[in-house]
Amino acid sequence: MGPMFGASYRLVQIFILVLWTLLFYTLVRAEFLIWNWSLFQNKAWQDILLAFVVGWRFDLSAVLSVTAPVILITFVPWPESWQKYWHYGVLVLFCLLH
């Protein structure tokens, strides 16, 4: 078994996908703020920062709940020869769920 195979490696890969998704959601939230700045310009920066933090909590719970099936699939023992198919399959499933 190679060093880049197994459930722990697959969990790391899914964790990276989750981080990318959270980054994307943060960028979307920032874009929303920019486009609607006229509605938020009178708010204190602490309130806007708090809204981002609360938004991250919501985003994390949403992403993890939607990603739960992918995380469960990670623990299925796959033959090492199926590794590249696992990568494509998980990426497709992850994109379809999100």
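See the structure printed just above.
Since the model is a prediction, treat every value here as computed from it, not as a measurement.

Conventions adopted
- Residue numbers restart at each chain and count upward from 1, following the sequence in its written direction.
- Local features in this predicted model are restricted to residues of pLDDT 70 or higher, and side-chain atom pairs are both shown and tallied only at a pLDDT of 80 or more, whereas totals for entire chains, interfaces and linings draw on every residue.
- Side-chain metrics in this entry use all non-hydrogen atoms of the structure; hydrogen atoms and water are not considered.
- By the criteria applied, helices consist of DSSP H or I runs no shorter than four residues and strands consist of E runs no shorter than two, each listed in order from the N terminus.
- Between the first and last residue of a helix there are one fewer steps than residues, each counted as 1.5 Å, and that sum is the expected span.
- To get the bend at any residue, fit one axis to the seven residues that end at it and another to the seven that begin at it, then take the angle between the two axes.
- Only protein chains enter the accessibility calculation, which uses a 1.4 Å probe; a residue is then buried when its area is under 20% of its type maximum, exposed when over 50%, and partly exposed in between.
- Residues adjacent in sequence count toward polar contacts only when both atoms are side-chain atoms; beyond that, a polar contact is any pair of N or O atoms within 3.5 Å, and within protein one must be able to donate a hydrogen and the other to accept it.
- In this analysis, a patch consists of residues with relative accessible area above 30% that form no salt bridge, clustered at 9 Å for like charges and at 5 Å for the nonpolar side chains Val, Leu, Ile, Met, Phe, Trp and Tyr.
- Surface accessibility in these figures is a Shrake-Rupley result with a 1.4 Å probe; residues are shielded only by whichever protein chains are displayed.
- When a carboxyl oxygen of Asp or Glu lies within 4 Å of a side-chain nitrogen of Lys or Arg, that pair is called a salt bridge.

Engineer: Help me understand helix α3 (residues 45–74) in this model?
Structural biologist: Three or four residues apart is the spacing at which side chains of an α-helix point the same way, because the helix has 3.6 residues per turn. Between its first and last C-alpha, α3 extends 41 Å over 30 residues, near the 44 Å set by a 1.5 Å rise per residue. Its axis deflected by about 50 degrees at alanine 68, α3 carries its strongest bend there, up to four residues before the proline proline 69. Those residues of α3 lying buried are Ile48, Phe52, Gly55, Asp59, Val63, Thr67, Val70 and Thr74.

Engineer: Quick question: what am I supposed to make of the side chain of aspartate 59 here?
Structural biologist: Topologically, aspartate 59 is positioned in helix α3. With a relative accessible area of 5%, aspartate 59 lands in the buried category. Engagement of the side chain of aspartate 59 in a polar contact is seen with the side chain of arginine 29, the distance being 3.0 Å.

Engineer: I keep staring at a nonpolar patch on the surface and nothing clicks. Help me out?
Structural biologist: On the surface, Val12, Phe15, Ile16, Leu19, Trp20, Leu23 and Leu27 cluster together into a nonpolar patch covering about 700 Å² of accessible area. As for its position among the elements, leucine 27 is in helix α1 (residues 7–35). The exposed category is assigned to leucine 27, whose relative accessible area is 52%.

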